[in-house]
Structure formats: structure tokens, C-alpha cells
Amino acid sequence: MKKDADIALSRSELNWLILRPSLLIDGPGAGAVSLGPAEFRGQITRDDVASTLAELLHEPRIGRQILELNTGSTPIEEAVRANVR
């Protein structure tokens, strides 16, 4: 039913953001990700997901998007800024 919730949220007037991380794994974060509307599925550390979420929460210009998150080579702060519309 998550898909139904995503649809309802995306049709609302709220300022929403849906983050879809790849397969979660344990281990230290790399501090670099691949973040965008369409990313390859792979795996990502829980540390990098948490760091990305924290960065997204502090970026008021990002919203009303569905972003996919995977391990990558772009520093998290830069990856978030690249998705500001």
C-alpha cells in the first residue's frame, strides 16, 4: 500500500518529498551518493541514507519530487543541491 500512499501524497497540496533508497546495507557511509528522479538500483549504507535525509531536511528549496538514492560518487551536499528546482 506504499504506492497508494505515495500517489495520495503527490496529489496533495503539501510540500512533500519521497526518497526511495536502494537496498539498505550496514557499514560506514562513504559520504557520496547518486541522487535523482531515476537511478539504477543497487545498495547503499544506512549511514549515507541518514546523512542524505538530514541534508534534504535542511534544503527548503527541494520538494514535490520523488528521488531515488544509491551509492555513487557525488558528495551528499552536492547531490542534494543538484536536485533543487
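Residues numbered from 1 in each chain as written. Predicted model: local features only at pLDDT ≥ 70, side-chain atom pairs only at ≥ 80, totals over all residues. Heavy atoms only, no water.

Space inside the largest pocket adds up to approximately 190 Å³. If you trace the largest pocket, you find it lined by Asn 15, Trp 16, Leu 17, Leu 19, Leu 53, Leu 56, Leu 57, Glu 59, Pro 60, Ile 62 and Gly 63. Of all elements in the fold, only β1 (17-21) and α2 (46-57) reach the threshold of two or more residues within the lining of the largest pocket. In terms of residues, the lining of the largest pocket owes the most to one element, α2, which gives three residues. Split by residue class, the lining of the largest pocket holds eight nonpolar, two polar and one charged. (1 Å grid on protein atoms, 1.4 Å probe; cavity = no way out; pocket = protein on both sides within 12 Å on 5 of 7 lines; lining within 4 Å. Points joined across faces, edges and corners; volume = space filled by probe spheres on them. Helix = DSSP H or I, 4+ residues; strand = E, 2+ residues; numbered from the N terminus. Nonpolar A, V, L, I, M, F, W, Y, C, P; charged D, E, K, R; others polar.)

Structurally, Asn 83 can be placed in the segment after α3 (76-81). According to the relative accessible area criterion, Asn 83 is buried, its value standing at 9%. For the pair Asn 83 and Leu 67, spaced 16 residues apart in the sequence, the C-alpha separation amounts to 8.6 Å. Once residues within four sequence positions are removed from consideration, Asn 83 is found in contact with Leu 35, Gly 36, Pro 37, Ile 62, Gln 65 and Leu 67. (Buried < 20%, exposed > 50% of the residue type's maximum accessible area, 1.4 Å probe, protein only. Contact = heavy atoms within 4.5 Å.)

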